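Spelled out from the first residue to the last, the chains are:
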Amino acid sequence: MPIEINHSRCIQCIGCASVCPVGAIELIGLRMVFHPEKCISCGACAKACPANAIKFIPKAGVKK
Ligand code: SF4
Ligand code: SF4
């Protein structure tokens, strides 16, 4: 789970969904829904969020 969306902070601006290169976030009803199986952990959504509602968690176990 590379990101966590804080739904109580989210203002549904769709900024995260529009910057995600792989379509891993979409608005369903009134909620942003994250699809972890699509996410490539780029961090773009967290940077784009104006409400600071996305917490980016770098992939666990990845060593350089
Ligand atoms: S980290 Fe990147 S790939 Fe994953 S949901 Fe955010 S923008 Fe999309
Ligand atoms: S960018 Fe942030 S505030 Fe906007 S829809 Fe995504 S999580 Fe919600």
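Our structure's up above, just so we're on the same page.
A quick note: this is a predicted structure, and the numbers were derived from the prediction, not measured.

Chemist: Would you take a moment to explain the site of ligand 2 for this structure?
Modeler: All residues in the neighbourhood of ligand 2 are listed as Cys 10, Ile 11, Gln 12, Cys 13, Ile 14, Gly 15, Cys 16, Met 32, Cys 49, Pro 50, Ala 51 and Ile 54. A breakdown of the residues in the shell around ligand 2 according to their chemical character gives 10 nonpolar, 2 polar and no charged.

Chemist: Is there a simple way to explain the pairing of strand β2 (residues 25-28) in this structure?
Modeler: Along a regular strand, successive side chains alternate from one face of the sheet to the other. For β2 and strand β3 (residues 31-34), the ladder comprises 4 bridges, and the chain directions are antiparallel. Across the sheet, the residue bridging to Ile 28 is Arg 31, located in β3. Following β2, the chain reverses through 2 residues before pairing antiparallel with β3; Gly 29 in that reversal takes a positive phi of roughly 65°.

Chemist: Looking at this structure, I do not really get the nonpolar core. What am I missing?
Modeler: Side chains of a nonpolar character, in soluble globular proteins, are inclined to be buried together. In terms of nonpolar packing, the biggest core is built from 17 residues, with Ile 3, Ile 5, Ile 25, Met 32, Phe 34 and Ile 54 touching the most fellow members. Among the elements of the structure, β1 (3-5), α1 (15-19), β3 and α2 (44-48) are those that each provide at least two residues to this core. Apart from residues no more than four positions distant in its own chain, Met 32 is found in contact with Ile 5, His 7, Cys 10, Ile 14, Cys 16, Ala 17, Ile 25, Glu 26 and Leu 27.

Chemist: What is the right way to read the environment of Asn 52 from this model?
Modeler: Mapped onto the elements, Asn 52 comes out in the loop between α2 and β4 (54-56). Since its relative accessible area comes to 54%, Asn 52 is described here as exposed. Residues Asn 52 and Ile 25 lie 27 residues apart in sequence; the distance between their C-alpha atoms is 16 Å.

Conventions adopted
- Residues numbered from 1 in each chain as written.
- Chains lettered and ligands numbered in written order.
- Predicted model: local features only at pLDDT ≥ 70, side-chain atom pairs only at ≥ 80, totals over all residues.
- Heavy atoms only, no water.
- Near = heavy atom within 4 Å.
- Nonpolar A, V, L, I, M, F, W, Y, C, P; charged D, E, K, R; others polar.
- Pairing = 2+ DSSP bridges.
- Helix = DSSP H or I, 4+ residues; strand = E, 2+ residues; numbered from the N terminus.
- Core = buried A, V, L, I, M, F, W, Y, C linked by side-chain atoms within 4.5 Å.
- Buried < 20%, exposed > 50% of the residue type's maximum accessible area, 1.4 Å probe, protein only.
- Contact = heavy atoms within 4.5 Å.

Everything listed here is a matter of coordinates, which is why it stays silent on function.
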